[in-house]
Amino acid sequence: MTYDIKGKTAIVTGSARGIGKCICSDLLKKGANVVVSDTAEDVGNETTAEFQKEFGESRVVFIRCNVTKEEDLQNLYSKAIATFGYVDIVVNNAGILNEENWKLMMEINVTGLIRSCQLALDNMSTKNKGKGGVVVNLASVAGLMAGEGSKVYHASKHAVYGYTRSQYLTQGTDNVRFNCVCPFLVDTALAQDWDNSNRTFLTSDLIEKLKAHMLKTEDIAEAVIFLIEDESNAGKAYLVTPFQKWDYYEQPSVLPF
Ligand SMILES: NC(=O)C1=CN([C@@H]2O[C@H](COP(=O)(O)OP(=O)(O)OC[C@H]3O[C@@H](n4cnc5c(N)ncnc54)[C@H](O)[C@@H]3O)[C@@H](O)[C@H]2O)C=CC1
Ligand SMILES: CC/C=C\C[C@H](O)/C=C/C=C\C=C\C=C\C(=O)[C@@H](O)C/C=C\CCC(=O)O
């Protein structure tokens, strides 16, 4: 079965630029209404104006939201619902890499994402008279492997992966499908933060090798659209690297029963 994006409404957090902006563009091309959301209000308004010029003002709005602020997240969902009637799709994309201010990074990458998932469930779950929906979380290959140069960032993405997989276990009662996407390095501003964080740990040779294989934002947007449309693998991570065919990432269960 293919989930039909046309006519649906999507929120994408952290989507003023980078991967999130590309995801919004692809959702709009698929016929969705889109809420561009970010803490960077000026850039967010510029991005939204660009999209409105191409897709029409009625299909895309900007709602400022700092995902570390509970009231901002609640306002994001209530304004999106007031504007479009319902939120069918949420892409939790907002994220940073800042090993120095690792508490803020965990607030954004983990706490903010989990709170947004909870609000998505509150509004979408068929247990709460919702119509169901889809949530895609931005994890990373860093959520599936160790990384000496950005240890807390890797921890934050392991948390996104674990939380998303766990949501699957109750997907049947909520009718809200969760997946996460695990991209390799992508050529955005945040990848430069990764470079800066890792210079003192990784050899230049390894960094250059890794950066020589960076993905484009369009690649991740394509993967997110695939995940939204593919209803067959709820709860799974989708690994997107230049080294192998993009596919769902399976890990063995540790339980013998
Ligand atoms: N760039 C890469 O190599 C990879 C990135 N990712 C993940 O993809 C997501 C997007 O990353 P990029 O597009 O590369 O980064 P980016 O830095 O280009 O864009 C991130 C956006 O999030 C916004 N943001 C930051 N803090 C926020 C907050 N508190 N509330 C709301 N918005 C906030 C920023 O203003 C920015 O517009 C992140 O979760 C990142 O961890 C995953 C794998 C690879
Ligand atoms: C958000 C900032 C931009 C990029 C981070 C992004 O999420 C993607 C990262 C992609 C690749 C990271 C690779 C890191 C490699 C290392 O740190 C290696 O030194 C790890 C060495 C062994 C790991 C073995 C294992 O865990 O299997």
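Reference entry: report on the structure contained in this document. Small disclaimer: the values here were computed from a predicted structure and weren't measured. (Residues numbered from 1 in each chain as written. Chains lettered and ligands numbered in written order. Predicted model: local features only at pLDDT ≥ 70, side-chain atom pairs only at ≥ 80, totals over all residues. Heavy atoms only, no water.)

**With respect to the nonpolar core**
Here is a general trend for soluble globular proteins: nonpolar side chains tend to be buried in one another's company. To keep it simple, the criterion reads: Buried Ala, Val, Leu, Ile, Met, Phe, Trp, Tyr and Cys residues form a nonpolar core when they are joined through side-chain atoms within 4.5 Å. Only protein chains enter the accessibility calculation, which uses a 1.4 Å probe. A residue is then buried if its area is under 20% of the maximum for its type, exposed if over 50%, and partly exposed in between. Only heavy atoms enter the contact rule, under which two residues are in contact if any of them lie within 4.5 Å.
Counting 81 residues, the largest nonpolar core has Ile23, Leu27, Val91 and Ile228 as the members making the most contacts within it. When sequence neighbours within four positions are dropped, the list of residues in contact with Val91 reads Ile11, Val12, Thr13, Ile23, Val136, Leu138, Val224 and Ile228.

**Some remarks on the pairing of strand β5 (residues 133–138)**
A regular strand places its side chains so that they alternate between the two faces of the sheet. Definition in use: Numbering of helices and strands runs from the N terminus; a helix is a DSSP stretch of H or I covering at least four residues, while a strand is a stretch of E covering at least two. Strands pair, by our definition, only if DSSP identifies at least two bridges between them.
Within β5, six of the six residues are buried, leaving the element largely enclosed by the surrounding structure. Both faces of β5 are covered, namely the face carrying Gly133, Val135 and Asn137 and the face carrying Val134, Val136 and Leu138. Bridge count between strand β4 (residues 89–92) and β5: four bridges; the pairing is parallel. Along β5, the bridge assignment pairs Val90 with Val135. Summarising the sheet, β5 and strand β6 (residues 176–183) pair through six bridges and their orientation is parallel. In the strand pairing of β6, Val136 is matched with Asn179.

**Here's the deal with unusual backbone geometry**
Of note, Lys129 is a non-glycine position whose phi angle comes to about 65°, a positive value. Structurally, the position occupied by Lys129 is in the loop between α4 (102–124) and β5. Given a relative accessible area of 81%, Lys129 falls into the exposed group.

**With respect to helix α7 (residues 189–198)**
Three or four residues apart is the spacing at which side chains of an α-helix point the same way, because the helix has 3.6 residues per turn. The cut-off we apply is this: Our arc is simply the arc of the directions from the helix axis toward the C-beta atoms.
All buried positions along α7 are accounted for by Ala191, Trp194, Asp195, Ser197 and Asn198. An end-on view of α7 places all buried positions within 165° of arc, on one side of the element. Packing partners of the buried residues in α7 comprise α8 (204–211).

**Re the site of ligand 1**
Formally: We call a residue near a molecule or strand as soon as one heavy atom of that residue lies within 4 Å of the molecule or strand. Any pair of nitrogen or oxygen atoms within 3.5 Å is treated as a polar contact; in protein, a donor-acceptor pairing is required on top of that, and neighbouring residues in sequence qualify only through side-chain atoms on both sides.
Ligand 1 sits among 26 residues. The nearest are Asp38, Asn93, Tyr153, Val186 and Thr188. For ligand 1, an oxygen atom lies 2.8 Å from a polar atom in the side chain of Tyr153. At 3.0 Å from an oxygen atom of ligand 1 is found a side-chain nitrogen or oxygen belonging to Lys157. Secondary-structure elements contributing two or more residues to the shell around ligand 1 are α1 (18–29) and α5 (151–167).

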